[in-house]
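An overview of the molecular structure
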Amino acid sequence: MLLPLLTLLACGDEPTATPEEPVGAQPQPEQKGPPEPVQEGLEGEARPSLLLAQAWFWKDDQGNPKPGPARLDIWRDLGDEGWAYTRLEDGESNVFHKAVPYRGGILTIGAEGPHFKHWTHADGVWTAKEVWFKEEGWGGKFNRLRDLEIGDVDHDGVDEFVIATHDGGVVAVIDWDGSSEATVLELDAKVDTFVHEIEIGDIDGDGKLEFFATPSDRNKAGVSQSGGVVMYQWNGTSFERSWIEEQHGTHAKEILATDLDGDGITELFSVLEAEIDPNDKRKVLKPVEIRQYTRNEDGSFTTTTVATIDDRQTRFLVAGDFDGDGTTELVAAAFTKGLFILEPPVEDAEEEGWTITRFDQNSGGFEHAVWPADLDGDGQLELYVAADTQRELKRYTWNAERSTFDRELLGRLDDSIITWNITDGAF
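Here's a quick rundown of the structure. Please read all numbers here as calculations on a predicted model, not as lab measurements.

Right, let's get into the overall build of the protein. Summing up its helical and strand segments, the protein has 0 helices and 34 strands in all. A compact globule built from 427 residues should have a C-alpha radius of gyration of about 22 Å, and the protein, at 21 Å, falls within 12% of that. By principal-axis analysis of the C-alpha atoms, the protein measures approximately 60 × 55 × 50 Å. A total of 427 residues make up the protein; the buried ones form 53% of that total. At a minimum sequence separation of 6, the contacts of the protein that also span at least 24 residues come to 52%. As presented, the protein carries roughly 18,700 Å² of accessible surface, and 46% of it is formed by carbon and sulfur atoms. Averaging the coordinates of the 37 positive side-chain charges in the protein and doing the same for the 85 negative ones gives two points 9 Å apart.

Bringing the pairing of strand β18 (residues 227-234) into the picture now. The element β18 is extensively covered by neighbouring structure, given that 6 of its 8 residues are classed as buried. Bridging between strand β17 (residues 210-217) and β18 involves 4 bridges; their strand directions are antiparallel. Note that in β18 the partner of phenylalanine 212 across the bridge is methionine 231. One ladder, built from 8 bridges, connects β18 with strand β19 (residues 239-247); its direction is antiparallel. Bridge pairing in β19 places glycine 228 opposite glutamate 246. Count of turn residues in the β18/β19 antiparallel hairpin: 4 residues, of which glycine 236 carries a positive phi of about 110°.

Inspection of every chain in the model, using the stated rule, returns 17 aromatic pairs. When the ring of tyrosine 102 is compared with that of phenylalanine 161, the centres are 5.3 Å apart and the planes differ by 70°; the resulting orientation is edge-to-face. With tyrosine 102 in strand β8 (residues 95-102) and phenylalanine 161 in strand β13 (residues 160-166), this pair connects stretches of sequence that are 59 residues apart. The buried category is assigned to tyrosine 102, whose relative accessible area is 16%. With a centroid separation of 6.2 Å and an interplanar angle of 65°, the aromatic rings of tryptophan 132 and tryptophan 138 are classed as edge-to-face. What links up through ring pairs into an aromatic cluster is the set Phe322, Phe359, Tyr396, Trp398 and Phe405.

One open sheet accounts for 4 strands, arranged β16-β17-β18-β19; its pairing is antiparallel. Of all strands in the sheet, those bounded by a partner on one side alone are β16 (193-201) and β19. When the angles between neighbouring strand axes are averaged without regard to direction, this sheet yields 25°.

So, about the side chain of asparagine 399. Position of asparagine 399 relative to the elements: it lies in strand β32 (residues 392-399). Exposure remark for asparagine 399: the relative accessible area of 17% places this residue in the buried category. Leave out the neighbours within four places in its chain, and asparagine 399 touches Thr404, Phe405 and Asp406.

The next point concerns the pattern of salt bridges. Inspection of every chain in the model, using the stated rule, returns 26 salt bridges. Between aspartate 90 and lysine 117 there is a salt bridge, and its shortest N-O distance comes to 2.8 Å. Within this pair, whereas aspartate 90 is found in strand β7 (residues 83-90), its partner lysine 117 is found in strand β10 (residues 115-122), the two being separated by 27 residues in sequence. Under the relative-accessibility criterion, aspartate 90 is labelled buried at 5%. The closest approach of N and O atoms between glutamate 149 and lysine 98, which form a salt bridge, is 2.9 Å. Here the residue glutamate 149 occupies a position in strand β12 (residues 144-151), and lysine 98 occupies one in strand β8, the gap between them amounting to 51 residues. Judged on exposure class, the residue glutamate 149 and its partner lysine 98 are both buried. Among the charged side chains, a salt-bridge network with shared partners connects Arg71, Asp73, Arg87, Glu89 and Asp414.

The antiparallel open sheet is built from 4 strands, whose spatial order is β20-β21-β24-β25. Of all the strands in the sheet, just β20 (252-258) and β25 (301-309) have a single pairing partner and so form its edges. Pairs of neighbouring strands in the sheet enclose a mean axial angle of 20°, with direction left out of account. Here strand β21 (residues 267-272) runs beside strand β24 (residues 288-295); their pairing, made up of 5 bridges, is antiparallel. If you follow leucine 268 over to β24, its bridge partner there is tyrosine 293.

Judged by how many residues are buried, β17 sits mostly within the fold: 7 of 8 residues are covered. Relative to β17, β16 runs antiparallel, the two being bridged by 7 bridges. For isoleucine 198, the partnering residue across the bridge sits in β17 and is alanine 213.

Now for the side chain of arginine 87. The topology assignment puts arginine 87 in strand β7. According to the relative accessible area criterion, arginine 87 is buried, its value standing at 6%. A polar side-chain atom of arginine 87 sits 2.8 Å from a polar atom in the side chain of aspartate 73.

Take threonine 250: it is sitting in the loop between β19 and β20. Take threonine 250: its relative accessible area is 8%, and that puts it in the buried class. For the pair threonine 250 and isoleucine 276, spaced 26 residues apart in sequence, the C-alpha to C-alpha distance is 8.3 Å.

Note the cis peptide between glutamate 112 and glycine 113, where omega equals 15°. Here glycine 113 lies in the loop between β9 (105-111) and β10. Omega for the bond connecting histidine 166 with aspartate 167 falls within 30 degrees of zero, at -5°, which places this linkage in the cis form. Even without a glycine there, the phi angle at arginine 103 is positive, about 45°. By the secondary structure assignment, arginine 103 is in the loop between β8 and β9.

The rules we used
- Residues numbered from 1 in each chain as written.
- Predicted model: local features only at pLDDT ≥ 70, side-chain atom pairs only at ≥ 80, totals over all residues.
- Heavy atoms only, no water.
- Helix = DSSP H or I, 4+ residues; strand = E, 2+ residues; numbered from the N terminus.
- Rg over C-alpha atoms; globule rule 2.2 N^0.38 Å.
- Buried < 20%, exposed > 50% of the residue type's maximum accessible area, 1.4 Å probe, protein only.
- Contact = heavy atoms within 4.5 Å.
- Areas by Shrake-Rupley, 256 points an atom, 1.4 Å probe, with all protein chains shown as cover.
- Lys, Arg positive; Asp, Glu negative; His and termini not counted.
- Charge placed at Lys NZ, Arg CZ, Asp CG, Glu CD.
- Pairing = 2+ DSSP bridges.
- Phe/Tyr/Trp six-rings, centres within 6.5 Å; stacked < 30°, edge-to-face > 60°.
- Axes fitted to C-alpha atoms, helices over the stretch in contact; angles between N-to-C directions.
- Salt bridge = Lys/Arg side-chain N within 4 Å of Asp/Glu carboxyl O.
- Polar contact = N/O pair within 3.5 Å; in protein donor to acceptor, adjacent residues only side chain to side chain.

In C-alpha cells, the structure reads:
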C-alpha cells in the first residue's frame, strides 16, 4: 500500500494538522465471520523499514468488536515516493506484542496463543518457523508472550532470547540456533503474576550481562497493582533472582537499561504506573513516576526520582542522542499527556537534576509506542511514534535552530488497533 509523505512541522505544543482524507487508514468493515489472515509479499529491494506490532479488532454483523489475527505492519521508506506498508498477519494469535529483525527475517511473539515464531520471506511468500509454543499455557486465564530481548545472558558466547509471559509469572530463557529444536528454561512460575517487560544490560560493569524484569499482580482495569523490578544474574550454573525494588500500591510496566554516559556500565530506569484511588477509579493519588536505580559497591541500589508525569500511565521510555550534542537523552511517551524529552543533569549547571520538556502535547495512545532510529542514514537519530489516539505514525527530527523537534506525519493508522511496539530493520 503506497502512501504519500505528509510533512507537518511541530513547534512545542502546537496541535497537529489533519489532512482532509485519512492517509493509510483502513476502515474495519462488518464481517459475517472471523477474517482470514492477510499476508502481503514484499516488492522490490530492501528498504529502511519500521515494524509495527499490533492487535486489531473487527466488527461482527451485530457491530460488536472482536479480536482479529495478530498483525504486523511493515512500513517501508521509499524516499521521494513516500511510504508503503506491507501487512503480515497470523491467525494462530490475536496480537503481536513485538517484532524484531533477526537473521534475514522477523521474530514475533504473540498471545492467545503464545507463539514465538521466525518469519522469512521469499518470492512474495512468508514462511513461519515455530521457535517455541506453550500450548498448555501456564495454568491461568491468559497465555501471552509479552516482551522479548536478545543477549548473551548466560555468558556462553551465544545470544539467548529472554521472554516475559502472562499470567503465570514465568520468565523464559531460550537457546535456539535457527535450525534445531529450542531449549527453554522457565524461571519463577507463580500464579496470577504478569511479567511485563525484559531489559538486558551490564549493571556492574564486569563485562557480563544481567537481565531485568517487571513482575506484578494480575492486571485489573482501573485498579493499581503491586509489583516491582527484579534482576537475574548468571552464577555459572543457574540464574539468581533478586529484587531491585519491590513496590506496593503500584508497579512498573516499563523499564529501560541503557549506558547513559558511555562508560560501559548500564543505567537502569523504571516507570511506575500512577496509583489510583481504590474507592474512585477516576482519581489519581500519585502520578506516573520515572525512577533511576544506581548500584552501590555492596550490590544494593539507591533509588532516585528523575521525573513525574501527570498521567495514569507511561508505557514507553527510550534513550538516544536526539539533539546531536554527544549526550544521551530519554524520551517518555505518556498515555494522554504527550511526549517528553528528559535531559540528564549537567555538571556546574544552575539547576540540579533532570530537565523535562514536553515537545508534543497532542500525541497519545494506550501504549503510545516510540522508537529511536536513523532510517535516513544521516548519522542523526530520529524518533518514530505510533499515536493510536490520533491514528498517526509520525517522525520527529531535532531542529537545532529552534531547540525542539520537527514533526512529520508519515501516514494514518487504522482506527481499531493497538500498536504494542515499534522496531526497525531493512525489508
